[in-house]
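Residue-level structural notes
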Amino acid sequence: MDKSEALALGLSAVLLLVFFVAIIYASTARGIDVPTCITDPDPFQRGQLIEHAEDRYEVQMIAQMWSFQPRRIEIPAGSQLDIYLRAADILHGFKIEGTNINMMAVPGSINYMQLTFDEPGTYPLICHEYCGVGHHNMRGEIVVTES
Ligand code: CUA
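Here we summarise the structure given alongside this text. Note that the structure is predicted; figures quoted are calculated from it, not measured.

This part covers the overall build of the chain. Along the backbone of the chain there are one helix and eleven strands. The C-alpha radius of gyration computed for the chain amounts to 20 Å, which surpasses the reference 15 Å derived for 147 residues by more than 25%, pointing to a less compact arrangement than a globule. C-alpha extents for the chain along the principal axes are approximately 65 × 40 × 30 Å. The buried share among the 147 residues of the chain stands at 35%. The long-range share in the chain, meaning contacts at least 24 apart out of those at least 6 apart in sequence, stands at 59%. Put simply, the chain shows about 8,900 Å² of open surface, and 57% of that area lies on carbon and sulfur atoms. Counting 9 positive and 18 negative side-chain charges, the chain places the centres of these two groups 5 Å from one another.

Structure follows, in structure tokens:
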């Protein structure tokens, strides 16, 4: 084996190790997660916020041209929010500013992520996937009130 081949191989192995450690660190120490895709033949038909407990909520969110349903939700600080997301028509984006929630609303499937909102405030909700002439109007908000 040539010396430069050995060097390239060694660097590749080191990079693989660095990336592997970065993934483990992100998922354990930083709590960074990827969305879960649920294939449901009978998805929810309307967007709504459901209270399961004082600090546990579920939102069934529908993305459609060109709005989110529900457009605004309000939960107390410290609440855990389970987010189920579906698209009623075409592909849309779903991002909650100031958090690591960033999903796609995909026709035919439901995406899921969970987050605990510790800080009170207003978290804008935007569609980040160009979805037609009304794309720029596709917004919403999550209001986290003092608990
Ligand atoms: Cu929906 Cu852009």
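Another point: the pairing of strand β6 (residues 79–87). Counting buried residues along β6, eight of its nine residues qualify, which places the element largely inside the surrounding structure. Alignment of strand β3 (residues 56–64) against β6, held across eight bridges, turns out to be parallel. Bridge pairing links Ala63 to Ala87 in β6. Sheet topology places β6 next to strand β9 (residues 110–117); seven bridges connect them, and they run antiparallel. Residue Tyr84 lies in a different strand from β9, and its bridge partner there is Tyr112.

Cut-offs and rules
- Residues numbered from 1 in each chain as written.
- Predicted model: local features only at pLDDT ≥ 70, side-chain atom pairs only at ≥ 80, totals over all residues.
- Heavy atoms only, no water.
- Helix = DSSP H or I, 4+ residues; strand = E, 2+ residues; numbered from the N terminus.
- Rg over C-alpha atoms; globule rule 2.2 N^0.38 Å.
- Buried < 20%, exposed > 50% of the residue type's maximum accessible area, 1.4 Å probe, protein only.
- Contact = heavy atoms within 4.5 Å.
- Areas by Shrake-Rupley, 256 points an atom, 1.4 Å probe, with all protein chains shown as cover.
- Lys, Arg positive; Asp, Glu negative; His and termini not counted.
- Charge placed at Lys NZ, Arg CZ, Asp CG, Glu CD.
- Pairing = 2+ DSSP bridges.

In short, shape yes, function no, at least from these values alone.
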